[in-house]
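Observations on the model geometry
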Amino acid sequence: MSLKWASVPLFLLLSITSGLCGASSFENTAVVRTVELGGSVVHVTTTYAIRALENNLKTYTIALGKEDRAKTSWVEVKVKGQDKTLPFTERVEKHLSLFDVTLPKPLSGNKTLNIVFENIQTHATTPWPQTAAQNEDQALKYTTDLFVLSPYSTLVQRTKLRALTPRFISWAEPQGIDAFVGDAAVTKNGANVVYGPYKDVPPSTSDNFLEKYQQPVTVHYFHEQPVLEVRKLNRAVEISHWGANLNIQDDISLYNAGPKLKGHFSRIEHQMQGYNKKGAPHVLPALTLGLPPGIRNTYYYDTIGNVSTSKLRVAPLPPKGAQRSQYSILELRPRYPLLGGWNYSFTLGWDAPLESSASYDKKTGTYIVAIPILTPIPGAVITDEELKIILPEGATDVSYVTPFPALSAVMGTHVTFLDTVGRPSITLRYKNLTLKHAQEIYVTYKVSTLAHIKKGLTVATALFTLFVLAGVARRLDLSINRKKKVQ
């Protein structure tokens, strides 16, 4: 039966032709995906060597499976060897997320380009076995899709899963992909498990390919670092013009997401492991954090009180306008080692000179302050963060610019000591933050001269009123019977 194009709906015809054009506009000469296996955070880098099949192509589309997209908290696209990121828009179609990347310049026919697609996955691994004794190793499982999806045909592709050590327990063997396999479907080489190379892979975003060939693959490997999560981070940043100070306080709920402790904890065994420098990989005895240079009045306490087992090395404050090259190093040792399934809540805060993060525009009378979103904990993911920025009392025309969108943003009022009407505040919510999210929010506002001196006038007025009342009370006679003066 012949197909009559006049009977085909217009929208269906457009979708068919656009899909055909999209699939034939590029060809992937090679695709290499590298997965850096970790604990709470997994770093995935995919390099696409593309070739244009048509002239004046401005957009290249990258596909990501539904499961991988759900674990992804950060996406970045660059041209290989360049630092500048490429803009993209994301759209969701059925079981896929498609990223339409705008190329730096239109690509002519037969021209090539290497594009690097970087995504950070969080909560992507599972401890297996789920429990471990104090002196046992820690093993994790990680699952991803076998094929790198693409709406274009691919000449050759491979996936490398790289662990910190060459100690793999097992890895999945792909099934039913003989049409694409050359020598072996999967091989192990040192600390790498390599799937591929797979040759002459057709456009893989179609339902037919996904149902027939796409499949999950799981690797089981030993991991020699604690799996850390910050379940809740409450960061309060207070800007003070009177004290020329920027105060930052973090309330941190830290959790070890590795295998839970099997049996009881032995302090003697823990000390012997530390003495022999053979600590269990799933035990966290201490933390090392990088804080801003030039900080002062650092404090660290938990629910019991001050914790003295810490050491701070303050880096000098760089000249204004110079790029920050050094960090203050804070070494923290909790009251007890953090084993799998254990929590530790503590508060960390410090003061920093306001001049190191603020600037003033004389023409517009506007203050600009850079606010750090977080202080990264090595290898940890911040599951939930609430960032509250408290501005000086009397601040007006408040606005802010974020490097990436927040889940929610609320403007409010914060009242503290010696305030009259309260201070403007900005409260932002974030989820699944990593080292890539350790950036700055720029807050702009204006403060009039009257608002600057308002606090001083308020304190002076209160003291003056107190002295006047004291003077009046001293001269007031409230006795019932007045004493007569002696002649």
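Calculation notes
- Residues numbered from 1 in each chain as written.
- Predicted model: local features only at pLDDT ≥ 70, side-chain atom pairs only at ≥ 80, totals over all residues.
- Heavy atoms only, no water.
- Helix = DSSP H or I, 4+ residues; strand = E, 2+ residues; numbered from the N terminus.
- Rg over C-alpha atoms; globule rule 2.2 N^0.38 Å.
- Contact = heavy atoms within 4.5 Å.
- Areas by Shrake-Rupley, 256 points an atom, 1.4 Å probe, with all protein chains shown as cover.
- Lys, Arg positive; Asp, Glu negative; His and termini not counted.
- Charge placed at Lys NZ, Arg CZ, Asp CG, Glu CD.
- Core = buried A, V, L, I, M, F, W, Y, C linked by side-chain atoms within 4.5 Å.
- Buried < 20%, exposed > 50% of the residue type's maximum accessible area, 1.4 Å probe, protein only.
- UniProt positions renumbered as here; feature names shortened; annotations may be inferred.
- Pairing = 2+ DSSP bridges.
- Axes fitted to C-alpha atoms, helices over the stretch in contact; angles between N-to-C directions.
- Phe/Tyr/Trp six-rings, centres within 6.5 Å; stacked < 30°, edge-to-face > 60°.
- Lys NZ or Arg CZ within 6 Å of the ring centre and 35° of its normal.
- Salt bridge = Lys/Arg side-chain N within 4 Å of Asp/Glu carboxyl O.
- Polar contact = N/O pair within 3.5 Å; in protein donor to acceptor, adjacent residues only side chain to side chain.

Moving on, we come to the overall build of the protein. Regarding its fold elements, the protein presents five helices and 30 strands. Here the C-alpha radius of gyration of the protein, 30 Å, is well above what a compact globule of 487 residues would show, namely 23 Å. Pairs at least 24 apart in sequence give 77% of the contacts found in the protein among residues at least 6 apart. Carbon and sulfur atoms provide 56% of the accessible area of the protein, an area that totals close to 26,600 Å². The distance from the centre of the 53 positive side-chain charges to the centre of the 39 negative ones in the protein is 8 Å.

On to the nonpolar core. Inside soluble globular proteins, nonpolar side chains tend to come together where they are buried. Ranked by internal contacts, the top residues of the largest apolar core, which has 49 residues, are Leu 254, Ile 371 and Tyr 445. Listed in part, the 28 residues of the second largest apolar core include Leu 140, Leu 161, Ala 185 and Tyr 213.

Our next topic: the environment of Ile 368. Looking at the element boundaries, Ile 368 is found in strand β25 (residues 366-372). Each C-alpha atom of the pair Ile 368 and Ser 357 lies 8.3 Å from the other, and the pair is eleven residues apart in sequence.

Moving on, we come to the UniProt feature "transmembrane region" (unreviewed entry) in the protein. As annotated in UniProt, the feature "transmembrane region" (unreviewed entry) corresponds to residues 456-476 in the numbering used here. Its end C-alpha atoms 30 Å apart, residues 456-476 is made of 95% helix and 0% strand.

To continue, consider the sheet that holds strand β30 (residues 440-446). The antiparallel open sheet is built from four strands, whose spatial order is β24-β25-β30-β27. Since the sheet does not close on itself, it has two edges, and those belong to β24 (358-361) and β27 (396-401), each with one partner. Taken over all neighbouring pairs, the strand axes of this sheet differ in orientation by 20° on average, direction set aside. Taken together, the six bridges between β25 and β30 define a ladder with antiparallel strand orientation. The residue of β30 that forms the bridge with Tyr 367 is Tyr 445.

Within this structure, the stated rule accounts for 23 aromatic pairs. Aromatic side chains Phe 99 and Phe 117 sit 5.4 Å apart centroid to centroid with 55° between the ring planes, which places their arrangement in the tilted category. Here Phe 99, found in strand β6 (residues 96-107), pairs with Phe 117, found in strand β7 (residues 112-122); they are 18 residues apart in sequence, far enough to count as distant. Residues Phe 99 and Phe 117 agree in their burial class; the two are buried. The interplanar angle of 65° and the centroid separation of 5.3 Å between the aromatic rings of Phe 404 and Tyr 430 together place this pair among those described as edge-to-face. A residue pair is termed long-range when its members are at least 10 positions apart, and Phe 404 in the loop between β27 and β28 (408-414) and Tyr 430 in strand β29 (residues 423-433) qualify at 26 residues. Of the two residues, Phe 404 and Tyr 430, both sit in the buried class. An aromatic cluster of at least three residues, connected via ring pairs, comprises Phe 147, Phe 180, Tyr 198, Phe 209 and Tyr 213. Positioned over the ring face of Phe 222 is Arg 167, at 4.1 Å from the centre of the ring. One Lys or Arg, Arg 231, reaches over the ring of Tyr 255 and ends 3.7 Å from the middle of that ring.

On to the sheet that holds strand β10 (residues 139-145). Ordered by their spatial adjacency, four strands build an open sheet running β8-β10-β15-β12, and the pairing between neighbours is antiparallel. The sheet terminates laterally at β8 (125-127) and β12 (168-171), the two strands that pair on one side only. Taking the axes of each pair of neighbouring strands and ignoring which way they run, one obtains an average angle of 20° across the sheet. Bridge count between β10 and strand β15 (residues 216-222): seven bridges; the pairing is antiparallel. Its bridge partner lying in β15, Lys 141 is registered against His 220.

Burial analysis of β29 places eight of its eleven residues in the buried class, which makes it a mostly covered element. Here strand β26 (residues 380-390) pairs with β29 via eight bridges, running antiparallel. When the bridges of β29 are listed, Glu 386 appears paired with Arg 429. As paired elements, β28 and β29 share seven bridges and run antiparallel to each other. In the sheet register, Thr 413 faces β29, and the bridge partner there is Pro 424.

The tally for this structure, following the rule as stated, stands at 20 salt bridges. With a closest N to O distance of 2.5 Å, Asp 302 and Arg 335 form a salt bridge. Here Asp 302 is found in strand β20 (residues 296-302), whereas its partner Arg 335 is found in the loop between β22 (328-332) and β23 (343-353), with 33 residues between them in sequence. The class for Asp 302 is buried, based on a relative accessible area of 8%. Judged by its relative accessible area of 34%, Arg 335 falls in the partly exposed class.

Considering only alpha carbons, one finds Asp 302 and Thr 347, 45 residues apart in sequence, at a separation of 5.9 Å. Residue contacts for Asp 302: discarding those within four places in its chain leaves Val 307, Arg 335, Tyr 344, Ser 345 and Phe 346. Polar side-chain contacts of Asp 302 include one of 3.1 Å to the backbone nitrogen of Ile 304. At 2.5 Å, the side chain of Asp 302 and the side chain of Arg 335 are in polar contact.

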